[in-house]
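# Geometric and topological summary
Take a look at the letters that make up each chain.
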Amino acid sequence: MQIIESPTKYDVVIVGSGAGGGMAAKILADEGLKVAVVEAGPFFDPANPEQQTQLKWPWESPRRGASTVRHFGDFDSAYGGWDIEGEPYTNTEDSNFRWFRSRMLGGRTNHWGRISLRFGPKDFKRKDQDGLGDNWPIGYEDVKPYYDKVDKLIGVFGTNEGLPNDPDGFFLPPPKPRLHELFYIKGAKKSNIPVIPSRMSMLTKKINKERGVCFYCGQCSRACQVYADFSSGTCLIFPAQKSGGQIDLFVNCMVREVTTDEEGRATGVSYINKEDRKEYKLHGKVVVLAASACSSARILLNSKSKQHPNGLGNSSNVVGKYLHDSTGVSRAVFVPDLMNRKTYNEDGVGGMHVYSPWWLDNKKLDFPRGYHIEVWGGMGMPSYGFGFNVNEFNKFFGLKVGGYGNGLREDVKKYYGSVLGFGGRGESVPQQDNYCEIDPTKVDEFGIPVLRFNYQWTDYEHKQVNHMQDTFEELAHNMGGEILGDRPSKEAKHGISPPGWIIHEVGTTRMGDNPKTSVVNKFQQLHDTDNVFIVDAGPFVSQADKNPTWTILALSWRTSDYIIEQLKQQNI
Amino acid sequence: MDRRKSIKSIILGSVAGGLAMHGCKPEAEAAADGDALLTSEHHFGRTPEEKELIQELNAEQFFNVHELETLGVLCDLILPANAEFGSATDAGVPDFIEFMAKDIPEMQTDLRGGFMWLDHKCNTEFGTEFKTAAEEQQKQILDTIAYPDVEVPSEEHPLEIQFFSLIRNLTLTGYYTSKMGITDLGYKGNMPNVWDGVPDEVLAQHGVAYDPDWLAKCVDQSKRGIIAEWDEAGNLLT
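What you see is a predicted model, and the numbers here were worked out from it, not measured in a lab.

What counts and how
Residues numbered from 1 in each chain as written. Chains lettered and ligands numbered in written order. Predicted model: local features only at pLDDT ≥ 70, side-chain atom pairs only at ≥ 80, totals over all residues. Helix = DSSP H or I, 4+ residues; strand = E, 2+ residues; numbered from the N terminus. Rg over C-alpha atoms; globule rule 2.2 N^0.38 Å. Buried ≥ 20, exposed ≤ 12 C-beta atoms within 10 Å, placed from the backbone. Contact = placed C-beta atoms within 7 Å. Pairing = 2+ DSSP bridges. Axes fitted to C-alpha atoms, helices over the stretch in contact; angles between N-to-C directions. Nonpolar A, V, L, I, M, F, W, Y, C, P; charged D, E, K, R; others polar. Expected span 1.5 Å × (residues − 1). pLDDT = per-residue confidence, 0-100. Parallel < 35°, antiparallel > 145°, perpendicular 65-115°, else oblique. Left-handed = near helix turned anticlockwise from the far one by under 90°. Core = buried A, V, L, I, M, F, W, Y, C linked by C-beta atoms within 7 Å.

Let us look at the overall build of chain A. Helix and strand content of chain A: nine helices and 18 strands. Its C-alpha atoms give chain A a radius of gyration of 24 Å, near enough to 25 Å, the size a compact globule of 572 residues would have. Oriented by its inertia axes, the alpha-carbon framework of chain A measures out at about 80 × 55 × 45 Å. By residue count, 60% of the 572 residues in chain A fall in the buried class. Residue pairs in contact within chain A that sit at least 24 positions apart in sequence constitute 72% of those at least 6 positions apart.

Okay, here's the thing in structure tokens:
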């Protein structure tokens with residue numbers, strides 16, 4: 001089979017259309033550059049009636065939204081999940097890394113939680129504080145101007161609180177708390193745990209003429225048909241196309257490798273068209289990888305040549321190493337004071353209206369690095385699973401559990417909206433021994449060698465999630481609630497989620513000044529090959545207890561500005 | 001131009017800016033493919049593969065006639081009609097359970113075995129199958145399996161108790177995810193609206209209040225349509 005080469009020479013070939021790829025596509029196309037965006041999944045637009053799940057009722061799905069097919073249920077917009085047919089990955093013995101991929105235009109930005117937190121000054125310089133891991137080669141002051149621009153371009157609600165490590169920004173006003181959130185605020189206050197309005201990228205107010213304003217259906221995980229929440233397709237790629245940008249989208253195209261010339265410089269990418277299963281090549285002056293931390297590492301490691309025998313950008317042997325995810329533990333609590341609720345529409349925005357940023361000093365604790373607390377609850381729309389164990393909470397009142405008959409209708413109403421949940425999301429310490437690498441024994445259905453993961457949490461993370469458990473029990477008690485389920489034992493690692501489960505995997509192509517210990521420089525440019533850049537979360541040196549998307553966006557914008565400048569100066 | 005093509009042109013026209021997509025099938029071929037499939041049914045965002053799976057499952061039949069009749073009787077014992085709303089079968093619950101048994105095949109043996117247990121028990125006690133027994137006799141049997149000891153982990157209960165818990169779970173979930181059940185529950189959302197806080201009487205009922213300082217930071221919904229502008233310090237001006 002001959003590889004089919006496209007005659008078009010692009011200025012930039014971008015691999016991946018999520019947060020990083022979408023931002024790069026917008027900034028570079030707005031500058032007039034000719035851009036190709038290569039996406040492994042199909043075209044997706046939440047305004048397309050055929051792809052919409054927003055405002056659908058549970059009975060429109062024969063399985064009533066059960067998660068048999070989609071990991072987060074039939075109405076979640078992710079095409080993909082932790083397991084994708086024909087696209088396997090493996091783990092070394094005892095390792096259980098779980099790798100979530102969304103194969104669709106916009107990637108995981110179509111269904112993510114929209115929690116949009118800036119990293120703070122301390123987050124870029126963790127080694128200075130606890131001696132662990134490494135500092136970033138850049139600081140908050142380098143990224144701040146881009147965070148500001150991202151806030152204004154995309155829109156994020158929140159409040160300026162003047163907190164030292166949770167910086168202020170350009171916020172839209174937040175929505176009012178819901179009832180269960182008022183209970184959370186009250187409970188947290190008793191333990192001096194701060195609670196502030198959430199910072200999330202939904203438009204509570206108009207930001208431009210193109211995008212709609214939030215209409216409070218609480219379904220951002222289904223992707224918004226009026227583009228009132230941030231998705232890469234709706235907020236970056238489509239607007240860039242609409243304003244005349246030269247963007248060619250290649251959907252259902254799975255990139256195999258970055259191609260290089262005799263000098264070892266990138267010439268473009270080769271990809272498999274999923275429709276005809278043939279291999280194609282695209283040419284570009286610059287290649288921008290935005291395929292996700294692990295996918296970009298995989299592409300680099302699979303891009304072997306005479307000039308790059310260890311994989312592209314991997315002379316340091318660091319590609320794939322320092323992989324890290326957020327820590328996570330969740331508990332739920334039954335709050336008797338939230339029983340017997342009058343029903344009204346409290347859908348609100350998708351997710352929480354309030355949260356707790358990290359509030360303690362690790363110097364006084366037995367673990368490094370902090371966590372934030374996310375809150376959920378309320379009178380949500382029923383879907384598969386609603387009404388299971390209908391009157392289980394009767395046991396807290398010494399009443400009989402179970403039964404049948406019309407009394408169950410009262411039980412359902414009595415307990416509807418009385419459960420509140422906490423999620424702790426913490427910063428882990430990056431480890432060289434936690435990595436992804438190529439598994440030489442396996443390929444995916446496109447013939448591309450797959451990733452093998454090796455990942456163990458350390459005592460730092462175990463102790464941190466144990467502290468989360470203590471906090472959650474204290475909060476439950478403060479609310480007069482009954483915490484549900486048994487506390488996971490020390491042997492069960494205090495209930496810590498498997499790595500990858502929080503879907504914040506970062507660090508596989510980390511940034512640094514030293515080419516021997518890092519993959520990209522502070523402009524996310526490969527040390528080894530000056531016309532290849534990485535704008536997903538691979539370059540993160542450390543993760544912070546902040547969700548990575550806002551930082552991916554800011555850094556992708558910064559890198560795109562750098563690419564434009566370097567092209568103008570004819571340096572690349 | 002048929003509906004599917006017109007939708008496609010609307011999307012390409014208004015959003016993607018007339019751009020041609022590469023990499024996928026040639027336009028004509030892609031459009032011809034799914035026409036018959038897509039135009040005749042309502043959409044809830046399924047991919048072509050997901051649609052195919054649903055069609056496959058719908059083409060199969062898991063429960064036989066006797067099992068379906070027994071299921072109907074059982075569902076309505078669990079959730080009979082009341083003055084205002086219909087029963088579980090009125091809300092289509094047996095059809096839903098039939099689908100789920102195919103969608104999650106791990107449940108099949110427990111479901112089928114559970115029905116056999118019910119008939120065996122009823123035949124032994126009353127000399128008749130469960131579905132034709134008198135309601136009092138049916139309830140007598142249910143009373144032995146409907147109240148599990150909560151101190152015992154659910155998977156350690158005898159199968160007949162696990163079976164009944166499973167049927168009760170599926171019946172309630174099927175009912176409360178139906179149009180009738182959602183009306184009965186009083187869920188008021190899933191429609192465009194403007195969230196402006198918890199009603200006062202609800203705050204009073206649950207003994208909580210808004211902090212005025214917090215409220216002052218929240219969105220003024222009368223200005224939601226005005227484009228946001230800030231000063232240099234990030235203070236919202238509009």
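Quick look at the sheet that holds strand β6 (residues 196–197) of chain A now. Residue and element names in this part refer to chain A. On the basis of which strands lie adjacent, the open sheet formed by six strands has the order β6-β12-β13-β14-β11-β17 and antiparallel pairing. Each edge of the open sheet carries a strand with a single partner, namely β6 and β17 (482–483). Pairing of strand β13 (residues 371–377) with strand β14 (residues 419–426) involves seven bridges; the strand directions are antiparallel. Opposite Gly 377, over in β14, you have Leu 420 as the bridge partner.

This part takes up the sheet that holds strand β4 (residues 90–91) of chain A. Residue and element names in this part refer to chain A. Read across the open sheet, the three strands follow the order β4-β16-β15; overall the sheet is mixed. Edge strands, defined here as strands with exactly one partner in the open sheet, are β4 and β15 (435–443). Two elements, β15 and strand β16 (residues 449–454), share six bridges in a ladder whose sense is antiparallel. Bridge pairing links Val 443 to Pro 449 in β16. Its contacts with the sheet put helix α6 (residues 293–302) on β15 and β16, and the angle it makes with β15 is roughly 60°.

Residues and elements named next belong to chain A. The buried fraction of β13 amounts to six of the seven residues, a majority that puts the element mostly inside the structure. Of the pairings in the sheet, the one linking strand β12 (residues 354–356) to β13 comprises two bridges and is antiparallel in character. What sits directly across from Ser 356, in β13, is Ile 373.

This next bit is on unusual backbone geometry. Residues and elements named next belong to chain A. Unusually for a residue other than glycine, Ala 223 sits at a positive phi of about 75°. Topologically, Ala 223 is positioned in the loop between β6 and α5 (232–242). Unusually for a residue other than glycine, Tyr 227 sits at a positive phi of about 60°. On the secondary structure map, Tyr 227 appears in the loop between β6 and α5.

Turning our attention to the environment of A:Pro498. All names here are of chain A. Position of Pro 498 among the secondary structure elements: in the loop between β17 and β18 (532–534). Distance in space between the C-alpha atoms of Pro 498 and Glu 427 is 14 Å, their sequence separation being 71 residues. Setting aside residues no more than four positions away along its own chain, Pro 498 makes contact with Asn 96 and Arg 98.

The interface of chain A with chain B comprises 92 residues on the first partner and 78 residues on the second. Elements with a minimum of two residues in the side of chain A that touches chain B: α4 (179–190), α5, β7 (247–250) and α7 (407–415) of chain A. Classifying every residue of the side of chain A that touches chain B by side-chain character gives 45 nonpolar, 25 polar and 22 charged.

Now for helix α3 (residues 48–59) of chain B. Relative to the 16 Å expected for twelve residues at 1.5 Å per residue, α3(B) spans 17 Å between its end C-alpha atoms, a close match to the ideal helical length. When you tally the buried positions in α3(B), you get zero out of twelve residues, a small fraction of the element.

Moving on: the confidence of the model for chain B. In low-pLDDT regions, the fine details of the predicted coordinates are not to be read closely. Looking at chain B as a whole, its pLDDT mean stands at 87, while 83% of the residues score no less than 70. Across the interfaces of the predicted complex, the ipTM metric reaches 0.95, alongside a pTM of 0.94.

All names here are of chain A. Burial within strand β8 (residues 253–260) is extensive, with eight of its eight residues counted as buried. Relative to strand β9 (residues 266–273), β8 is paired through seven bridges, and the arrangement is antiparallel. By the bridge assignment, Val 258 is partnered in β9 with Val 269. In sequence, β8 turns back onto β9 through a hairpin of five residues, with Gly 264 there showing a positive phi of about 90°.

Attention now moves to helix α1 (residues 19–30) of chain A. Residues and elements named next belong to chain A. In this model, α1 (twelve residues) spans 16 Å end to end at C-alpha, consistent with the 16 Å of a helix rising 1.5 Å per residue. Within α1, eleven of the twelve residues are buried, which leaves it mostly tucked inside the rest of the structure. The set of residues buried in α1 consists of Ala 19, Gly 20, Gly 21, Gly 22, Met 23, Ala 24, Ala 25, Lys 26, Ile 27, Leu 28 and Ala 29. Summarising the contacts, the buried residues of α1 are in contact with β1 (4–15), β2 (35–38), α5, β7, β10 (278–289) and α9 (549–568).

All names here are of chain B. Locating Gln 61 in the fold gives a position in the loop between α3 and α4 (65–78). On the basis of neighbour count, Gln 61 is assigned to the exposed category, with 10 C-beta atoms found within 10 Å. Placed 38 residues apart in sequence, Gln 61 and Phe 99 show a C-alpha to C-alpha distance of 8.7 Å.

Attention shifts here to the packing of helix α3 (residues 140–154) of chain A against α9(A). Residues and elements named next belong to chain A. One way to put it is that α3 packs onto α9 with a least axis distance of 9 Å and a crossing angle of 110°. Between α3 and α9, the angle falls in the class roughly perpendicular. On α9, the residues touching Val 143, Tyr 146, Tyr 147, Lys 149 and Val 150 of α3 are Trp 550, Leu 553, Ala 554, Leu 555, Trp 557 and Arg 558. In the contact of α3 with α9, the residues fall into nine nonpolar, no polar and two charged.

The axes of two packed helices give the description: the angle between them and the distance between them. Residue and element names in this part refer to chain B. Following both chains from N to C, one finds α4 and helix α5 (residues 93–103) inclined at 120°, their axes separated by 9 Å at the closest point. In terms of orientation, α4 and α5 fall into the oblique class. In the crossing of α4 with α5, the sense of the turn from one axis to the other is right-handed. Residues Leu 68, Leu 71, Gly 72 and Cys 75 of α4 pack against Val 93, Pro 94 and Ile 97 of α5. Broken down by class, the residue content of the contact of α4 with α5 amounts to six nonpolar, one polar and no charged.

Let us now look at the nonpolar core. Here is a general trend for soluble globular proteins: nonpolar side chains tend to be buried in one another's company. A:Ile14, A:Ala25, A:Val35 and A:Val38 are the most contacted members of the largest nonpolar core, which totals 123 residues. Ignoring sequence-local partners within four residues, the contact set of A:Val35 consists of A:Tyr10, A:Asp11, A:Val12, A:Ile14, A:Ala25, A:Leu28, A:Ala29, A:Gln246 and A:Ile247. With 46 residues, the next largest nonpolar core counts A:Tyr416, B:Ile161, B:Tyr175 and B:Leu185 among its residues.

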